[in-house]
Amino acid sequence: MTRRVPTYGGYLRLDRILDAQDPPDFANLAPGAPLDAAVRRRLHHDEMLFIVVHQAFELWFKLVLHEVARARDLLGMRMVPSMKVVPERDIPEIVAALHRVNEILRVATDQFRIVETMAPTSFLAFREAITPASGFQSVQFRELEILAGAEESRRAVADGAFAALLTPDEARRLETRLVEPTLRAVLFDWLARTPVDKAFPDFAEAFARAYERYADDQAEAVKANPFANDAERKEALEKVAAMKAQARAFLFKEDREARLASRAFVFITSYRHEPLLRWPSALLDALVEFEQGFRGFRFRHARMVERMIGARPGTGGSSGVAYLDKTAERRIFGDLLDARNFLLDPARLPPIPEPYVFRFRFDS
Ligand code: HEM
């Protein structure tokens, strides 16, 4: 018997992938009839582009989900149970997974340029035939939002109209996503476990004072600014005064876990130049970049949509660009961005009492 060997097309299941660009014409289907019974309408020339680009995005979403799930697992689910710590060697692995995700988002977002090679009038030639289908119904996109930790998306999938569209397999996948830990949740648990107070007793108070000195210097600079008028100066001074209160509120949150996580974030980011904090700070940077990439995808999609259909409503029933611009404002790791308000020039940082703890060599 000849041994079956892998072939290029067989390994990649190209027979299945490349046979999936021909849409059935749902208008010809009797209610309840199997999809195979649909009469195929002729593809509009540009509809091939429209379908392939969406399919390519769904493949990228699949890989992104795979990588984000790995980052989440390593950060939150494969800890040494007795110690409740993430094995140190896993941090670079998590960063690598997130870097891959960020590159995919960057390259995939660029693919909206390919959609823009289609004339808006060509899209209108087949838009009615595909209504009410919409990217809004992308289950993988919702899975990704939920896995990352976006609260709004949980509400979106709970909506009856959305749930009614799901196949049993999609419903099961979403149910699993809704109960499993999110990347955001495991990140904040990890941050809350970071032993900042052990390394730097009273770090929060020392940092808050350094920040207040900085805010006072900022106030002096505002007063001395010859280019600001009185109203601008007043507004800037109020803002600087508020910054002081906001920094204290951030570092001294009432909720214990949230307080520890905020402190760890400021600590790791501020002392990122210490060798042992390099990987943790690279992890935080990768998450901030993920947030940017995800929002960048949404913003870029909205601009492409504006160019394609103007301000008309979407095929999925939303207000269109207005809806998309609103969702592009959503943040998953917004706290990490808020905390950027409170970072300082390294020269202003309170010195770590025993900095050698964070160095690779103890004798330097
Ligand atoms: C001519 C091209 C496109 C147009 C005119 C368009 C239009 C729209 C509109 C108007 C919405 C809002 C929901 C609705 O009412 O339908 C939407 C949502 C969405 N579209 Fe597109 N889209 C296009 C291409 C794409 C492509 C190539 C992707 C890639 C996967 C995509 C992914 C999405 C996603 C994920 C949503 C949900 C966004 C959210 O809820 O924040 N779209 N699209």
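Anything mentioned here points back to the structure above.
Residues numbered from 1 in each chain as written. Predicted model: local features only at pLDDT ≥ 70, side-chain atom pairs only at ≥ 80, totals over all residues. Heavy atoms only, no water.

Asker: What exactly am I supposed to notice about the environment of G296 here?
Answerer: As for its placement among the helices and strands, G296 is situated in helix α16 (residues 278–309). For G296, a relative accessible area of 27% gives the class partly exposed. Between the alpha carbons of G296 and T109 there is a distance of 7.6 Å; along the sequence they are 187 residues apart. (Helix = DSSP H or I, 4+ residues; strand = E, 2+ residues; numbered from the N terminus. Buried < 20%, exposed > 50% of the residue type's maximum accessible area, 1.4 Å probe, protein only.)

Asker: Help me understand the site of the ligand in this model?
Answerer: Looking at the ligand, there are 29 residues lining it, with S134, R142, H301, S318 and Y323 nearest. The side chain of T327 places a nitrogen or oxygen atom 3.0 Å from an oxygen atom of the ligand. Those elements giving two or more residues to the shell around the ligand turn out to be α3 (47–76), α5 (112–115), α7 (139–148), α16 and α17 (321–327). In terms of residue count, the dominant contributor to the shell around the ligand is α16 (six residues). (Near = heavy atom within 4 Å. Polar contact = N/O pair within 3.5 Å; in protein donor to acceptor, adjacent residues only side chain to side chain.)

Asker: Quick question: what am I supposed to make of the packing of aromatic side chains here?
Answerer: Ring pairs (aromatic) are described by centroid distance and by the angle formed between their planes. Summed over the entire model, instances satisfying the criterion amount to 25 aromatic pairs. Arranged with centres 5.8 Å apart and planes meeting at 65 degrees, the rings of F136 and Y323 form a pair that is edge-to-face. On the criterion of sequence distance, the pair formed by F136 in the loop between α6 (120–130) and α7 and Y323 in helix α17 is long-range, its members being 187 residues apart. Residue F136 is classed as partly exposed on the basis of its relative accessible area, which comes to 30%. (Phe/Tyr/Trp six-rings, centres within 6.5 Å; stacked < 30°, edge-to-face > 60°.)

Asker: I keep staring at the side chain of S281 and nothing clicks. Help me out?
Answerer: Here S281 lies in helix α16. The contacts of S281, once residues within four sequence positions are left out, are I268 and R272. (Contact = heavy atoms within 4.5 Å.)

Asker: Could you clarify how one ought to interpret the coordination of the iron atom of the ligand in this entry?
Answerer: Under perfect tetrahedral coordination by four donors, a metal shows angles of 109.5 degrees; under perfect octahedral coordination by six donors, it shows angles of 90 or 180 degrees. On the protein, H301 (NE2) is the one donor atom to the iron atom of the ligand, at 2.2 Å. The topology assignment puts H301 in helix α16. (Donors = N, O, S within 2.8 Å, 3.2 Å for Na, K, Ca; no water.)

Asker: Please explain a nonpolar patch on the surface as it appears in this structure.
Answerer: A contiguous nonpolar surface patch, about 410 Å² in accessible area, is contributed by Y8, Y11 and L12. Mapped onto the secondary structure, Y11 falls in helix α1 (residues 8–11). (Patch = residues over 30% accessible without salt bridge, like charges linked within 9 Å, V, L, I, M, F, W, Y side chains within 5 Å. Areas by Shrake-Rupley, 256 points an atom, 1.4 Å probe, with all protein chains shown as cover. Salt bridge = Lys/Arg side-chain N within 4 Å of Asp/Glu carboxyl O.)

Asker: Teacher, can you tell me more about the nonpolar core here?
Answerer: As a rule of thumb, soluble globular proteins bury nonpolar side chains together. Counting 84 residues, the largest nonpolar core has L187, W190 and L191 as the members making the most contacts within it. Counting residues per element, this core draws most heavily on α16, which supplies 13 residues. With near-sequence residues (within four places) excluded, W190 lies in contact with L75, V86, I91, I268, P280, L283 and L284. Counting six residues, the second-largest nonpolar core is a separate cluster that includes I146, V157, F162 and L174. (Core = buried A, V, L, I, M, F, W, Y, C linked by side-chain atoms within 4.5 Å.)

Asker: Can you walk me through the environment of I91 in this structure?
Answerer: Tracing the chain through its elements places I91 in helix α4 (residues 90–110). Those residues within four positions of I91 in sequence are excluded, and the remaining contacts are V86, W190, W279, P280 and L283.

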